[in-house]
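# Structure at a glance
Listed below are the residues making up each chain.
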Amino acid sequence: MAGLKPIGLVLVAVTLALTASAAMAHKASDSFLYLNTGPTELRLDVALRDLALLVSLDHNGDRQVSGQELRQARSDITRAVEASLILSNNSGDCSLEGQKWGISSHSDGKYAAARYRIHCPDGEPPTALEYNLLFDRDALHRGLVSIGTDDEPRLAVLSPDARVLDLSPDGAGSRFSVFTTFIYEGIVHLLMGLDHILFLLVLVIPASLGTREGRASHGTATDFSARLMELTGIVTAFTVAHSATLALAALDIVTLPIAWVETVIALSIAVAALNVAWPVLGRKTWKLAFGFGLVHGFGFASVLGDLTSGVSGLVMALAGFNIGVELGQLGLLALGFPVLYLLGQNRVYQRGLVPLALLGVSAISLYWVVQRAPVL
């Protein structure tokens, strides 16, 4: 037991981190930028929940933003948004002329939408876009960009490490750059998605424990190989399922309300955790992984669906994002499974840490269910 003390401290720290982060598990913070005709026009959509970090919106404290409150805050919203954008070309910075202002709807709710005409000093279109909205408040915030040109639309992602976008014809948005960009975004989305990480943990725990009959051989190469094959089947089932629904949702073939999707994702984690202790749904973990993976795919697609419909680079973005999710998932499993496998032969882990972990995961997931459930 002495050797478990450092591990116990780590688990306590992780549990505290999970509890502290419970309210943060929702669709990633994204804004949407649409540039077209040259580009000489720009539309920017920013979620109201994100604007609330910059501007006071809920004046009466009822946790709702009315149309009147939004109109009252329009000048503050406009200043915050325009201060975060710098468009330029070789002649200097360009100016923005407001055209329309209103509300748009995306998969995760209401967004403030503003349309601008871009004026550059020499009358030529801008060749660079710098974007700085919310990066100092949320390092996971992304500006998802669709660049509409006379040839074909291109995609790009703006982040704290990549704030400037090359708008020249040979700049951002090549098929290869879209592919690699979305690989990276897929990895980030998986690693920062606490709900998906908890679901993977619940899937891995049974493989770390094994069957009662097989525990006598625990620690042997044969036993490790058998557990690894079991885990491979589980991960494959989860991958096939979420890849299918990710494609269906991102291609706009099947769409589901993101609020309900995230609620069911949270519920799936709690059910999977409870099923480890009381296998009312059976001990075939790969079946659970496949069934719940179908729902998780719709959650992954929420990152792409609001930007990529009708965009020619969709296939590359979709492939890159899916590969990124898989790389993040495999990286976590490669690091975590050997540790859990070694712990699996210890009774303190089997009878103490595992029940506590399952209880904690269930509690957090059920909290998310209550937090995310749409108001009917």
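A brief structural summary. The structure presented is a predicted model; accordingly, all values stated were derived computationally and were not measured.

Okay, the nonpolar core next. Counting 41 residues, the largest nonpolar core has Leu198, Phe199, Ile205, Ile269, Tyr349 and Trp368 as the members making the most contacts within it. Contributing elements (two or more residues each) for this core: helix 6 (194-209), helix 7 (221-250), helix 8 (258-277), helix 9 (285-308), helix 10 (314-343) and helix 11 (347-372). The greatest single-element share of this core, amounting to ten residues, is contributed by helix 6. One finds Leu51, Val55, Ala73 and Ile147 within the second-largest nonpolar core, a separate group that totals 32 residues.

Attention shifts here to a nonpolar patch on the surface. Taken together, the side chains of Leu248, Leu251, Ile253, Val254 and Leu256 define a hydrophobic patch exposed on the protein surface, amounting to about 400 Å² of accessible area. Positionally, Ile253 belongs in the loop between helix 7 and helix 8. Note on Ile253: relative accessible area 57%, which makes it exposed.

Any space left empty among the atoms is revealed by the rolling of a water-sized probe across them. All told, the structure shown has one cavity of 30 Å³ or more when counted by the stated rule. Taken as a whole, the largest cavity spans an internal volume of roughly 70 Å³. Looking at the largest cavity, the residues that line it are Leu44, Val46, Leu51, Ile77, Thr78, Val81, Trp101, Ala112, Ala113, Ala114 and Tyr116. Those elements giving two or more residues to the lining of the largest cavity turn out to be strand 2 (41-47), helix 4 (74-83) and strand 6 (109-119). The element contributing the most residues to the lining of the largest cavity is strand 6, with four residues.

With that settled, the discussion passes to the pattern of salt bridges. This structure, assessed with the given rule, holds four salt bridges. Measuring nitrogen to oxygen at the nearest pair gives 3.1 Å for the salt bridge that ties Glu41 to Arg117. In this pair, Glu41 sits in strand 2 while Arg117 sits in strand 6, placing the two residues 76 residues apart along the sequence. Under the relative-accessibility criterion, Glu41 is labelled partly exposed at 22%. Looking at Arg117, the relative accessible area reads 31%, which means it is partly exposed. Between Arg43 and Asp45 there is a salt bridge, with its nearest N and O atoms 2.6 Å apart.

Turning next to the sheet that holds strand 7 (residues 128-131). Ordered in space as 4-3-7-10, the four strands form an open sheet in which the pairing is antiparallel. A single partner strand is all that each edge strand has here, and the edge strands are strand 4 (92-93) and strand 10 (164-166). Pairing analysis gives two bridges linking strand 3 (residues 85-89) to strand 4, with the strands arranged antiparallel. Its bridge partner lying in strand 4, Asn89 is registered against Gly92.

Of note, Leu134 is a non-glycine position whose phi angle comes to about 70°, a positive value. As for its placement among the helices and strands, Leu134 is situated in the loop between strand 7 and strand 8 (142-147).

If you walk across this open sheet you meet the six strands as 5-6-2-1-8-9, and the pairing is mixed. Of all strands in the sheet, those with a lone pairing partner are strand 5 (95-106) and strand 9 (154-158), marking the two edges. Looking at each pair of strands side by side, their axes are set apart by 20° on average, direction ignored. With six bridges joining them, strand 1 (residues 30-36) and strand 8 adopt parallel strand pairing. Residue pairing in the sheet places Tyr34 in a bridge with Ser146 of strand 8.

What follows concerns the pairing of strand 3. The element strand 3 is largely enclosed, with a buried count of four among its five residues. Relative to strand 7, strand 3 is paired through four bridges, and the arrangement is antiparallel. Looking at strand 7, one finds that Leu87 is bridged to Leu129. In this structure, the hairpin formed by strand 3 and strand 4 is closed by a connection of two residues.

The next thing to look at is helix 4. Taken residue by residue, helix 4 has Ile77, Thr78 and Val81 as its buried positions. Taken end-on, helix 4 shows its buried residues confined to a sector of 100°, consistent with a single buried face. Facing away from the buried side of helix 4 by more than 90 degrees, the exposed set consists of Arg79 and Ala83.

Rules used in this analysis
- Residues numbered from 1 in each chain as written.
- Predicted model: local features only at pLDDT ≥ 70, side-chain atom pairs only at ≥ 80, totals over all residues.
- Heavy atoms only, no water.
- Core = buried A, V, L, I, M, F, W, Y, C linked by side-chain atoms within 4.5 Å.
- Buried < 20%, exposed > 50% of the residue type's maximum accessible area, 1.4 Å probe, protein only.
- Helix = DSSP H or I, 4+ residues; strand = E, 2+ residues; numbered from the N terminus.
- Patch = residues over 30% accessible without salt bridge, like charges linked within 9 Å, V, L, I, M, F, W, Y side chains within 5 Å.
- Areas by Shrake-Rupley, 256 points an atom, 1.4 Å probe, with all protein chains shown as cover.
- Salt bridge = Lys/Arg side-chain N within 4 Å of Asp/Glu carboxyl O.
- 1 Å grid on protein atoms, 1.4 Å probe; cavity = no way out; pocket = protein on both sides within 12 Å on 5 of 7 lines; lining within 4 Å.
- Points joined across faces, edges and corners; volume = space filled by probe spheres on them.
- Pairing = 2+ DSSP bridges.
- Axes fitted to C-alpha atoms, helices over the stretch in contact; angles between N-to-C directions.
- Arc of directions from axis to C-beta.

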